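Per-entry structural report
Spelled out, the chains give:
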Amino acid sequence: MQLEITHETHYVYHPSVETAQHVAHLRPPTSPSQQLLSHTLEILPTPTHVTQSVDVYGNLRSFFSLQAAHDELSVVARSLVSTSEPDWASSSMPWEQVRERFRYQAGTRFHPSAEFVFASPYVPRHADFTAYARPSFGPGVPLLLAARDMMERIYTDFTYSSESTEVNTPAVEALALRKGVCQDFAHIMVACFRAMGLPARYVSGYMLTHPAPGQPRLIGSDASHAWASVFVPDMPGDRGWFDFDPTNNRMPGADYVTLATGRDYFDVSPMRGVIYGGASHTLHVAVTVMPLDPTPPPPPTNPAPMRPFEVGQSQRSSGQSQSQSQGSDWQPGQWQG
């Protein structure tokens, strides 16, 4: 399947921003199940300096700086990606064996996935995650079966509500509320895996949505998406990572595009930065995922129908952006990370 993705980010500042530095994770990678065919990144006003680098998790990120005063900032990423169904390899490795494989032992060889066992800024350690995860992890249960059970429980137990959380809502708070958006559900699932001693990572990306029968596809009505991934060490190479989408109760397929992977949202937010000036701002995000195939496949029906998720929207803020898909942390008059 070929998917054309347009991700537009538009800030309006009041008063003007004097200088700014930003980092963007907006370029999809090439992997066994997806191939990046083309990518452009348009930034207005034109940055003084632009560089690209690969972060420690293998994501390509773009840095750019603006050294002149500006009232608006527009960033448009256009990507063409060819996707295919993942290799649905299977593993019957019990979850306890995976946990023991990643338990620290002096002198053992380091495995890169071990880093994803530990707490991270948006996914702290908390006994509530352990308590919620434990019913899925019975003695001797294969990890992938336990993961599917936990995914189904999150889908059943939690209510999707775009107004219930903000971009910086702690995962343990979303767990207590039993409501949130895809970012919250992904953080909760990652936290539950790690609570059981298992390596898990946060995945940001896109998902092809399907308009109602007889309705046109609306330009800009999609949004970035997020899901969780757990590692099974008995698979060769990078095939050990298995993705689970608790928002839609399914494993991602050819209708998903991975954008970046990290410990949590903090590592892979589509755009973030520091600015000097500007007391308030309005943020508008619009995403379009357009299939180029003559007849795209119908939406999946197993194991449950898809839920809607974040829709690009305009928001006015006097500080932290409340967009669930991206934001910039700043305060007027001073630099902040």
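Scroll up to find the structure.
Residues numbered from 1 in each chain as written. Predicted model: local features only at pLDDT ≥ 70, side-chain atom pairs only at ≥ 80, totals over all residues. Heavy atoms only, no water.

Observations concerning the nonpolar core
Residues Phe137, Phe193 and Phe244 are the most contacted members of the largest nonpolar core, which totals 55 residues. Phe137 has contacts with Trp95, Leu143, Ala146, Met150, Phe193, Met196 and Leu198, leaving out every residue within four places of it along the chain. Ranked by size, the runner-up nonpolar core spans 27 residues in total, among them Tyr13, Tyr206, Met271 and Leu283. (Core = buried A, V, L, I, M, F, W, Y, C linked by side-chain atoms within 4.5 Å. Buried < 20%, exposed > 50% of the residue type's maximum accessible area, 1.4 Å probe, protein only. Contact = heavy atoms within 4.5 Å.)

Thoughts on the sheet that holds strand 8 (residues 200-207)
Taken in spatial order, the 4 strands of this open sheet run 10-9-8-11, and their pairing is antiparallel. The open sheet is flanked by strand 10 (241-244) and strand 11 (256-262), the only strands paired with a single partner. Recorded for the sheet is a direction-independent mean angle of 35° between the axes of neighbouring strands. Bridge analysis of strand 8 against strand 9 (residues 225-231) gives 6 bridges, and the strand direction is antiparallel. The partner of Ala200 across the bridge, within strand 9, is Val230. Each of strand 9 and strand 10 is contacted by helix 3 (residues 143-157), which is oriented at about 20° to strand 10, the strand it contacts most. (Pairing = 2+ DSSP bridges. Helix = DSSP H or I, 4+ residues; strand = E, 2+ residues; numbered from the N terminus. Axes fitted to C-alpha atoms, helices over the stretch in contact; angles between N-to-C directions.)

Some words on helix 3
For helix 3, with 15 residues, the first-to-last C-alpha span of 21 Å sits near the 21 Å given by 1.5 Å per residue. Looking at helix 3, one finds that the buried residues are Leu143, Leu144, Ala146, Ala147, Met150, Met151, Arg153, Ile154 and Tyr155. Buried residues along helix 3 sit against helix 1 (95-101), helix 2 (127-133), helix 5 (182-195), strand 9 and strand 10. (Expected span 1.5 Å × (residues − 1).)

Quick notes on unusual backbone geometry
With the exception of glycine, most residues fall at negative phi, and the peptide bonds are largely trans. Here the bond from His14 into Pro15 is cis, since omega is -10°, no more than 30 degrees from zero. Here Pro15 is to be found in strand 1 (residues 2-24). Backbone torsion omega between Leu44 and Pro45 reads 0°, so that peptide bond is classified as cis. Counting through the fold element by element, Pro45 comes out in the loop between strand 2 (34-44) and strand 3 (49-54). Although it is not a glycine, Arg178 adopts a positive phi angle of roughly 60°. Tracing the sequence through the fold places Arg178 in the loop between helix 4 (171-177) and strand 7 (179-180). In this model, Asn249 sits at a positive phi of 55°, which is unusual for a non-glycine residue.

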